[in-house]
Amino acid sequence: MNGSRIAAVGHYQPAKVLTNEDLAGLVDTSDEWIKSRVGIRTRHIAGPDEPVDELAGHAAAKALAAAGLAPGDIDLVLVATSTAVDRSPNMAARVAHRLGIPSPAAMDVNVVCAGFTHALATADHAVRAGAATRVLVIGADKMSDVTDWTDRTTCVLVGDGAGAAVVEAAAPGDEPGIGPVLWGSVPEMGHAVRIEGTPPRFAQEGQSVYRWATTRLPAIARQACERAGLTPEELAGVVLHQANLRIIEPLAQKIGAVNAVVARDVVDSGNTSAASIPLAFSKLVERGEIGTGDPVLLFGFGGNLSYAGQVVRCP
């Protein structure tokens, strides 16, 4: 097997926009305070009648249309999410039903903020092994459902949305379009980012996450480039988990991707957890800021203090 590639991407965000000024009416905060600490200006919030599978379905439908494929062309659906309300049917099965995909394998992947890059690696492995022909990989989260809107340290961070990619086998003779994954975790620090309790609520130890992300992750991200046979200077784009602008900018700088476009979608979308990387990546593609065949580092990190990254070629 020659490896796999991303054939197309798509994204979706709810229509409702929540500004920093809106949040200042809910908690003791201000536009200046939020922008100076996390860099976020706005975020999209889904309504009570917009479940996670609806967000995921819209993004997936756009990716399928961009790839010129029908639902019946997909034989594996992977949904990265940590905000599913029900245990069964899983989110992947709900999305498959919503889109009319007949008899796919359907699995959810819960690695929180690193979920999409874990799911993308799983899709690559499935195609390489011959277990799947075309895979729909989706990152979708409705963080507003697990947020305490009276807690100013967390409610200013989150947003809702979804992003999707269609993965298929690379053409014979072509280089693989999805590089080897580098993934891992720090299980003993799983308490640093949590979605726990009844009802479940998002909480984190912000300083611990900041120190870990800006000191430990640059070397790991550079190793992901090495596995793809590239130097950071050769990257055309860098799409990190959109957690906080104060994490994204120093991390991108320490990776050494001096010629790359760095995604900063967190400014307009907030932290959308598993949706953040495909959402930001799809927007860069849509705006033409990266071109077909360009090497782009996708690097997810956060919940469970897990991480996963790979270099992909832009569709």
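Provided above is the structure to which this section pertains.
These remarks concern the structure in this document.

## Some remarks on the overall build of the protein
(1) Moving on: The helix and strand inventory of the protein stands at eleven helices and 14 strands.
(2) Moving on: For the protein, the C-alpha radius of gyration of 18 Å lies close to 20 Å, the compact-globule estimate for 315 residues.
(3) Moving on: Structurally, the protein occupies a C-alpha span of about 60 × 40 × 40 Å along its principal axes.
(4) Moving on: Considering the protein as a whole, with its 315 residues, one finds that 57% of them fall into the buried category.
(5) Moving on: Across the protein, every contact between residues at least 6 apart in sequence was considered, and the portion connecting residues at least 24 apart equals 76%.
(6) Moving on: With the model as given, the accessible surface of the protein reaches about 12400 Å², and the carbon-plus-sulfur share is 49%.
(7) Moving on: When the 26 basic and 34 acidic side-chain charges of the protein are each reduced to a single mean position, those positions are 4 Å apart.

## Brief notes about the packing of helix H7 (residues 206-215) against helix H9 (residues 245-255)
(1) Moving on: Across the interface, H7 lies against H9 with an axial gap of 9 Å and an inter-helix angle of 20 degrees. With respect to each other, H7 and H9 are oriented roughly parallel. Along this stretch, H7 crosses H9, giving a crossing that reads as right-handed. Facing H7, whose interface residues are Val209, Tyr210, Ala213 and Thr214, H9 presents Arg246, Ile247, Pro250, Leu251 and Lys254.
(2) Moving on: For the contact of H7 with H9, the class distribution of residues is six nonpolar, one polar and two charged.

## A few points about the environment of Ala96
(1) Moving on: Here Ala96 shows up in helix H4 (residues 91-99).
(2) Moving on: Using a relative accessible area of 5% as the deciding quantity, one classes Ala96 as buried.
(3) Moving on: C-alpha separation for the pair Ala96 and Leu76, spaced 20 residues apart in sequence, amounts to 9.2 Å.
(4) Moving on: Look past the residues within four positions of Ala96 in its chain and what remains in contact with it is Val77, Ile101 and Pro104.

## A look at the packing of aromatic side chains
(1) Moving on: Here the structure, examined in full by the defined rule, presents two aromatic pairs.
(2) Moving on: With 6.5 Å between their ring centres and 70 degrees between their planes, Trp212 and Phe301 make a pair best called edge-to-face. Linking Trp212 in helix H7 with Phe301 in strand S13 (residues 295-301), this pair joins segments that are 89 residues apart in sequence.
(3) Moving on: With relative accessibility at 4%, the residue Trp212 sits in the buried group.
(4) Moving on: Ring plane angle 40 degrees and centroid distance 6.3 Å describe the contact between Phe299 and Phe301, whose orientation is recorded as tilted. For the pair Phe299 and Phe301, one class covers both residues: buried.
(5) Moving on: The structure contains a cluster of three or more aromatic residues connected by ring pairs, namely Trp212, Phe299 and Phe301.
(6) Moving on: Taking the ring centre of Trp33 as reference, the NZ or CZ of Arg152 above it sits at 4.6 Å.
(7) Moving on: Just above the ring of Tyr210 sits the side chain of Arg246; from NZ or CZ to the centre is 5.3 Å.

## Some words on the pairing of strand S14 (residues 306-313)
Side chains on a regular strand alternate between the two faces of the sheet.
(1) Moving on: In terms of burial, S14 is largely enclosed, as seven of its eight residues are buried.
(2) Moving on: Alignment of strand S8 (residues 182-185) against S14, held across four bridges, turns out to be antiparallel. Across the sheet, Gly184 pairs through a bridge with Tyr307, a residue of S14.
(3) Moving on: In this sheet, S14 lies alongside S13 in antiparallel orientation, the contact comprising seven bridges. For Val296, the partnering residue across the bridge sits in S14 and is Val312.
(4) Moving on: Linking S13 to S14, which pair antiparallel, is a turn of four residues; within it Gly302 sits at a positive phi near 140 degrees.

## Things to note about the pattern of salt bridges
(1) Moving on: The final tally for this structure, using the stated rule, is 13 salt bridges.
(2) Moving on: Salt-bridge contacts for Arg264 lead to Glu249; the nearest nitrogen and oxygen are separated by 3.1 Å. Taken together, the residues Arg264 in the loop between strand S12 (261-262) and helix H10 (266-269) and Glu249 in helix H9 connect sequence positions 15 residues apart.
(3) Moving on: With a shortest N-O distance of 2.8 Å, Lys283 and Asp265 are connected by a salt bridge. Placement of the pair is Lys283 in helix H11 (residues 276-287) and Asp265 in the loop between S12 and H10, with a sequence separation of 18 residues. Each member of the pair, Lys283 as well as Asp265, is classed as buried.
(4) Moving on: Here the residues in one salt-bridge network are Arg5, Arg134 and Glu168, joined through shared partners.

## Topic: the sheet that holds strand S5 (residues 105-109)
(1) Moving on: Read across the open sheet, the five strands follow the order S1-S7-S6-S4-S5; overall the sheet is mixed. One side of each edge strand has no neighbouring strand; the edge strands of this open sheet are strand S1 (4-12) and S5. The sheet shows a mean angle of 20 degrees between the axes of neighbouring strands, direction not considered.
(2) Moving on: Along the sheet, helix H3 (residues 52-67) makes contact with S1, strand S6 (134-142) and strand S7 (160-169), crossing S1 at roughly 130 degrees.

The rules we used
- Residues numbered from 1 in each chain as written.
- Predicted model: local features only at pLDDT ≥ 70, side-chain atom pairs only at ≥ 80, totals over all residues.
- Heavy atoms only, no water.
- Helix = DSSP H or I, 4+ residues; strand = E, 2+ residues; numbered from the N terminus.
- Rg over C-alpha atoms; globule rule 2.2 N^0.38 Å.
- Buried < 20%, exposed > 50% of the residue type's maximum accessible area, 1.4 Å probe, protein only.
- Contact = heavy atoms within 4.5 Å.
- Areas by Shrake-Rupley, 256 points an atom, 1.4 Å probe, with all protein chains shown as cover.
- Lys, Arg positive; Asp, Glu negative; His and termini not counted.
- Charge placed at Lys NZ, Arg CZ, Asp CG, Glu CD.
- Axes fitted to C-alpha atoms, helices over the stretch in contact; angles between N-to-C directions.
- Parallel < 35°, antiparallel > 145°, perpendicular 65-115°, else oblique.
- Left-handed = near helix turned anticlockwise from the far one by under 90°.
- Nonpolar A, V, L, I, M, F, W, Y, C, P; charged D, E, K, R; others polar.
- Phe/Tyr/Trp six-rings, centres within 6.5 Å; stacked < 30°, edge-to-face > 60°.
- Lys NZ or Arg CZ within 6 Å of the ring centre and 35° of its normal.
- Pairing = 2+ DSSP bridges.
- Salt bridge = Lys/Arg side-chain N within 4 Å of Asp/Glu carboxyl O.

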